[in-house]
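# A look at the structure
Residue strings, one per chain:
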Amino acid sequence: MPLTADVAAQQVQERLRALHRYIYDIEAERGRSEQCIDQILRAEKAVESSPSNDESSGSSQQQMQLKNLYKAGLTAAEQEERVIRLALSKIYEIRAIKNERRIQARHAGNKETIGCGALMKMLLSAAQTLPLHVGRVGERAPALCGALPADAGHVARPGDAVAALVRVSDKEENWILAEVVSWLPAQGKYEVDDIDEEQKNRHVLSKRRVVPLPLMRADPRTDEQALFPKGAVVMALYPQTTCFYRAVVNRLPTSAADPYEVLFEDSSYADGYSPPERVAQRYVIAIKEGKGRST
Amino acid sequence: MLGKRMHHNSKGRLASKGHDSKPSSPGVSPYNKPAKIPGAVSIGKTKVETCPIPYIRLQDNATTLPRLSAISARPADEPIGIDELDALQLELESLLCSTALRIRYFQGEIESIDTNESKREKKGKAAGKQLQYPVKRKFQDDKLVKTKDYTKLSNQPKVPKFKNFSNASSGGSHNNYSNDANANSDNSMKLELSQFSLPKNNIPYKFWNSVEPYCAPVTLDDIKFLESLLAQSSNTTLPPIPPLGRHYSEVWADEHITEDQNAGNPNKIRPTGMSPEATSLRKKIEKSGENMITGPLTQRLVSALMEENAYEVPDIKVKQQSNIKSSYKNSLTLEKCLRKELVDQGILDPEDLPPLTNPADDEILAEIKKCQTELTAIRKDNCKNLKNLIGLCKQEMIRLNLKKQLDQVDLECIETYKKMVAAKQKKRPITKKEKEDAWKAINEQIRLNKEINALPLTGPNTS
């Protein structure tokens, strides 16, 4: 549906107000949680300092008391989590609206020309503000979160970032960073735009040549399985470029905002690999059909 | 917006106390250095002990969550700027992380308390049952003894069962453990021994190999063999009774003469066959005293005539002389002539006459004839049995043929079934053609089965 600038602005404002309210709530919840935590800490100290009768720490009564405190803390934490998630969802909505506006503006003909430096900064911020998936206990990370692949029938939406295998010259093919323009169901092909030099390079590629980038980051402390393991062969965006090359994961991110450390395949080095480079989670994807060439 | 990235500080946020945030420096690379793991000892000014619970203290808001604290401090009518969203998002995400970790921590602690309590309960229960242990052990000893005997006699399968026994019955006390440990080590020893001492068991193979010729299915070759046997037995005529050869007296006489002659004339090698001198000598010998074998009638006649001194025999004798070689045949004809005469004359009735036995009939011939009759009888029997066998074999072949067809149809049925199961698994609907195929296969199966059962039994293999 056509999203005019005014409508978009209005929706954004609504959400910003809601967000503000949530933030107040968050602070209140945090206060409550902190009280619970203080109580728990005191109780834990008491248990440790008291002489232990059996092998288990503390008497049964103390344990029960501690358990109740834990339960209280748990409920408070869950409440806090709920509000934080609501706040974050508002932020994501705002971003989606803005993105939608941008795409529509582009369709209408507004061509944004971005300089190289600005492009790199944009890529960086996009990677960092990619929504983070924090899994609940027992929850499995969804598709396109971190290293997890897309579902079989997944169709990338317009505006999604993808890695596309395009023919650069007669015999050279490169995986480039691109943005989906549209999906052509009749042919089963995507129309993609090179993220660099928009509108100049519009390619129509079959689904096999298009790999969607992850839509969410994974937190290594809650969803380790959604990250590439060390030593995995991946395709990673070479820093300061918009092309993907083969690389090997050297180190996993230690926190949600941390990048991977990868070694690019490079025949110009003695051992065949470049020194470690840092690449954001968003720009590390699984190898597709063994294609992709090193520099 | 791009310049106001606050992520430099994010590394401090996730530490346990959040107090060790490093000052933001624009020169630092956009990516953060790895943040500290919650619970680790924090380098910094505070000397407070580490807190196991991951959370960000409110008092650290200003340092760790500046954007958030700034916004929360603002009144509601002051809106949030769009440019603040990035930073705010990152801060909220870090808050969410710490909350999620806290939830996990609390859940883990609650679980551990629960398990501790349950362990304590178990211990209490176990402690209350001290008196029962001696009895338990006795039982166990009995079991040990019994099963040890079993393992000596039989094979491995019993041993793991025994192991389960001892494991299941072990309680919490140390005594039981040591008992079990001994038992288990015994078990493993026995297991090893039985593995070494068992020789390879060949007897079943030998047995089945020996029975194989009897149980193997009938083949066309077998039928051909039987038919050849049948042809053989029906074709062979009994060896013909050789004609009565020369009487041994004659043969010996000849041999004697030839020997004498040879002795007399060592140089002259007489060809086989009789020389004229030999024959004349023989005549003389015959004349001298050779009794001719005559039939009973002839003998009676001769004796009767001899009494009367009427010599009619020499006439006959003369006749016979002309044909010495066929003297035995002549005796038969003489007998026959006599018979004819007597019957014609009406002196004797045909029934009174003793049966005309060939005077030359002797025991050997009788024996030969008896053997021949036996042989023919046996041959007939053989032929009958062979025909019977061949008939059975042919039926068996038909049965085997049908069985082969049935086997094939069985395989078809199984394949169709597998396809259907696979289709169900994939949640693919079963096509009409597949159903038809299945029904066809099953009906074929039923028909063949009926046919086979309708066939007459041909032996122990038929089922």
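A few points on the structure. Nothing here was measured: the structure is a model prediction, and the numbers come from that model.

Turning our attention to the overall build of chain B. Scanning chain B from terminus to terminus reveals 16 helices and zero strands. Every one of the 463 residues in chain B was classed for burial, and the buried ones make up 28%. Put simply, of all contacts in chain B between residues at least 6 apart along the chain, 66% involve residues at least 24 apart. Carbon and sulfur atoms make up 59% of the accessible area of chain B, which totals about 32300 Å².

What follows deals with the interface of chain A and chain B. Listed as interface residues are 69 residues of chain A and, on the opposing side, 56 residues of chain B. Across the interface of chain A and chain B, roughly 5800 Å² is buried in total on both sides, 65% from carbon and sulfur atoms. The largest per-residue losses of area from chain A upon contact with chain B belong to Arg30, Tyr70 and Arg221 of chain A, which jointly make up 11% of the total buried on that side. When the shortest N-O distance is used, the salt bridge between Arg217 of chain A and Glu93 of chain B registers 2.5 Å. The tally of links from chain A across to chain B stands at 13 residue pairs in polar contact (both at pLDDT 80 or more). When residues in the side of chain A that touches chain B are grouped by element, the largest group, 22 residues, is from helix 2 (residues 60–108) of chain A. Looking at side-chain class alone, the side of chain A that touches chain B contains 30 nonpolar, 16 polar and 23 charged residues.

On to the nonpolar core, then. Residues and elements named next belong to chain A. Core analysis: the largest hydrophobic core is formed by 48 residues, its most contacted members being Leu177, Val192, Leu213, Phe228, Phe244, Val262 and Tyr283. No other element matches strand 2 (residues 161–167), which puts six residues into this core. For Val192, the contacting residues outside a window of four places in its chain are Val162, Ala164, Ala178, Glu179, Val180, Val181, Asn201, Arg202, His203, Leu205 and Val210.

This paragraph deals with the packing of aromatic side chains. Per the counting criterion, the structure on display carries eight aromatic pairs over all chains. Taking 4.8 Å as the distance between ring centres and 55° as the angle between the ring planes, the aromatic pair formed by Trp183 of chain A and Tyr190 of chain A counts as tilted. A residue is classified by how much of its surface remains accessible, and Trp183 of chain A, at 26% relative accessible area, is partly exposed. A residue is classified by how much of its surface remains accessible, and Tyr190 of chain A, at 3% relative accessible area, is buried. Chaining the aromatic ring pairs together yields one cluster made of Tyr70 of chain A together with Tyr105 and Phe106 of chain B.

Attention now moves to the packing of helix 15 (residues 363–426) of chain B against helix 16 (residues 432–454) of chain B. All names here are of chain B. Taken N-terminus to C-terminus, the directions of helix 15 and helix 16 make an angle of 155°; their axes are 9 Å apart at the nearest point. Relative to helix 16, the element helix 15 lies roughly antiparallel. As for how helix 15 packs across helix 16, the hand of that crossing is left-handed. Of the residues in helix 16, those touching helix 15 at Arg399, Leu402, Lys403, Gln405, Leu406, Val409, Asp410, Glu412, Cys413, Thr416 and Met420 are Glu434, Lys435, Ala438, Ala441, Ile442, Glu444, Gln445, Leu448, Asn449, Glu451 and Ile452. The residue makeup of the contact of helix 15 with helix 16, split by class, is 10 nonpolar, four polar and eight charged.

Residues and elements named next belong to chain A. Most of strand 8 (residues 233–237) is tucked away, with four of its five residues classed as buried. Between the end of strand 8 and the start of strand 9 (residues 243–251), which pair antiparallel, lie five residues, with Gln240 showing a positive phi angle near 70°. Two elements, strand 8 and strand 12 (residues 284–286), share three bridges in a ladder whose sense is antiparallel. Note that in strand 12 the partner of Val234 across the bridge is Ala286.

The final tally for this structure, using the stated rule, is 29 salt bridges over all chains. Notably, a salt bridge pairs Asp114 of chain B with Lys67 of chain A, separated by 2.4 Å at the nearest N-O pair. Here the residue Asp114 of chain B occupies a position in helix 4 (residues 85–128), and Lys67 of chain A occupies one in helix 2, the pair thus bridging two chains. Residue Lys67 of chain A is classed as buried on the basis of its relative accessible area of 11%.

With that settled, the discussion passes to the environment of Glu34 of chain A. Examined against the element boundaries, Glu34 of chain A turns out to sit in helix 1 (residues 5–49). Discounting residues that sit within four places of it in the chain, Glu34 of chain A has contacts with Tyr55, Ile56, Arg57 and Leu58 of chain B.

A positive phi is found at Leu144 of chain A, a non-glycine position, where the angle reads about 60°. Positioned with a positive phi, Lys427 of chain B is a non-glycine residue whose angle comes to about 65°. Along the chain, the position of Lys427 of chain B falls in the loop between helix 15 and helix 16. Residue class for Lys427 of chain B comes out exposed when judged on its relative accessible area of 75%.

Conventions adopted
- Residues numbered from 1 in each chain as written.
- Chains lettered and ligands numbered in written order.
- Predicted model: local features only at pLDDT ≥ 70, side-chain atom pairs only at ≥ 80, totals over all residues.
- Heavy atoms only, no water.
- Helix = DSSP H or I, 4+ residues; strand = E, 2+ residues; numbered from the N terminus.
- Buried < 20%, exposed > 50% of the residue type's maximum accessible area, 1.4 Å probe, protein only.
- Contact = heavy atoms within 4.5 Å.
- Areas by Shrake-Rupley, 256 points an atom, 1.4 Å probe, with all protein chains shown as cover.
- Buried area = accessible area lost by both parts, 1.4 Å probe.
- Salt bridge = Lys/Arg side-chain N within 4 Å of Asp/Glu carboxyl O.
- Polar contact = N/O pair within 3.5 Å; in protein donor to acceptor, adjacent residues only side chain to side chain.
- Nonpolar A, V, L, I, M, F, W, Y, C, P; charged D, E, K, R; others polar.
- Core = buried A, V, L, I, M, F, W, Y, C linked by side-chain atoms within 4.5 Å.
- Phe/Tyr/Trp six-rings, centres within 6.5 Å; stacked < 30°, edge-to-face > 60°.
- Axes fitted to C-alpha atoms, helices over the stretch in contact; angles between N-to-C directions.
- Parallel < 35°, antiparallel > 145°, perpendicular 65-115°, else oblique.
- Left-handed = near helix turned anticlockwise from the far one by under 90°.
- Pairing = 2+ DSSP bridges.

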